[in-house]
Amino acid sequence: MALRKKLVVLTGAGMSAESGIATFRDSGGLWEQHRVEDVATPEAWMTNPTLVHQFYNQRRKQLIEAKPNMGHYALVELEQDFDVHIITQNVDDLHERAGSLKVLHIHGELMKMRSTGPSEEVFKVNPEKPEYCLEDKCPEGYPLRPHIVWFGEMVPEYENAAAIAAKADILLIIGTSMQVYPAAGLLHYVKPTVPIYLIDPQDVSIAFRDVHHIKKGASEGMKEFGRMMRTKN
Ligand code: OAD
């Protein structure tokens, strides 16, 4: 059997928009309703951890109600023909719930909590009990924090993501404004000969590279991308 091409997919909030999860920077997006500094930075956690917990409790409850959309399922189908690696900026678990096998979360995961103690042990959230407060502690007695990469923090999975990007035969970008670094910098690891496809209803500025822009939402865009790949293969 011929070796399957490595299709690397970089997803952002637009991937989950059709599942009812708000994006960050579109009009009505999350960062219009909350100040990043108040809820998504280490300083916010130091000064008002209760507000931070409330923000992520809300996100978790919303996620538990949400379901993967046709775009997520279309990525699972592509695994029949490609070696698909998803690098996601999303903290939801909709790729996994749709059935994608290789998903790397570079900005953390909503359905996990982490000890603030030296072990930094990570714990799965029980969907039956998705709300946390300062009294919730790890077995060693340290408070638990959301397992999210906040602004100003290191991106521990970045090296792994860069290594995956460097091996791509095809890059597909879905639903990200490419405004947040270092995530947007992953593009620099992709070989210059690799074709890049973008699914996004809006213009997205991607410097230095030719991009085939499918100007549609994730579900419709994935249908078109699937058709294009079938005619090429
Ligand atoms: P943004 O909110 O910046 O961008 C969302 C993108 O999705 C935009 O380009 C929209 O045009 C596009 N979009 C909207 N609806 C869509 C649909 N139905 N189908 C496809 N695309 C659609 O979100 P991100 O780029 O993901 O980080 O933001 C990156 C990071 O910034 C996030 O991971 C988060 C945020 O602050 C952290 O919280 C650490």
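Please refer to the structure higher up on the page.
These notes cover the structure that comes with them.

The rules behind each value
Residues numbered from 1 in each chain as written. Predicted model: local features only at pLDDT ≥ 70, side-chain atom pairs only at ≥ 80, totals over all residues. Heavy atoms only, no water. 1 Å grid on protein atoms, 1.4 Å probe; cavity = no way out; pocket = protein on both sides within 12 Å on 5 of 7 lines; lining within 4 Å. Points joined across faces, edges and corners; volume = space filled by probe spheres on them. Core = buried A, V, L, I, M, F, W, Y, C linked by side-chain atoms within 4.5 Å. Buried < 20%, exposed > 50% of the residue type's maximum accessible area, 1.4 Å probe, protein only. Helix = DSSP H or I, 4+ residues; strand = E, 2+ residues; numbered from the N terminus. Contact = heavy atoms within 4.5 Å. Salt bridge = Lys/Arg side-chain N within 4 Å of Asp/Glu carboxyl O. Pairing = 2+ DSSP bridges.

Re empty space enclosed by the protein
Taken as a whole and judged by the stated rule, the model has one cavity of 30 Å³ or more. Approximately 40 Å³ is the volume found for the largest cavity. Around the largest cavity, the lining residues are V8, L10, I87, A165, L171, L186, L187 and V190.

Considering the nonpolar core
If you look at the biggest cluster of nonpolar residues, it comprises 26 residues, and the most contacted ones within it are I87, I106, L171, I173, M178, L186 and I206. Listed by contribution, the elements that provide at least two residues to this core are strand 1 (6-11), helix 8 (158-166), strand 7 (170-174) and strand 8 (196-199). The element best represented in this core is helix 8, accounting for five residues. When sequence neighbours within four positions are dropped, the list of residues in contact with I87 reads V8, V9, L10, T11, L104, I106, A161, I164, A165 and L186.

A word on the pattern of salt bridges
Here the structure, examined in full by the defined rule, presents ten salt bridges. Notably, a salt bridge pairs R145 with E153, separated by 2.9 Å at the nearest N-O pair. Across the pair K223 and E220 runs a salt bridge whose closest N-O atoms are separated by 3.0 Å. On the criterion of helical spacing, the pair formed by K223 and E220 is a turn pair, its members being three residues apart in helix 9 (residues 218-232). We classify E220 as partly exposed; its relative accessible area is 42%. One connected set of salt bridges, linked through shared partners, spans K6, D83 and K102.

So, the pairing of strand 7
Within a regular beta strand, the side chains point alternately toward one face of the sheet and then the other, so they alternate between its two faces. Within strand 7, five of the five residues are buried, leaving the element largely enclosed by the surrounding structure. Alternating positions in strand 7 separate into two faces, I170, L172 and I174 on one and L171 and I173 on the other, with burial throughout. Here five bridges tie strand 1 to strand 7, and the two strands are oriented parallel to one another. Among the inter-strand pairings, T11 is bridged to a residue of strand 7, identified as I174. Bridge analysis of strand 7 against strand 8 gives four bridges, and the strand direction is parallel. Bridge pairing in strand 8 links I174 to I199.

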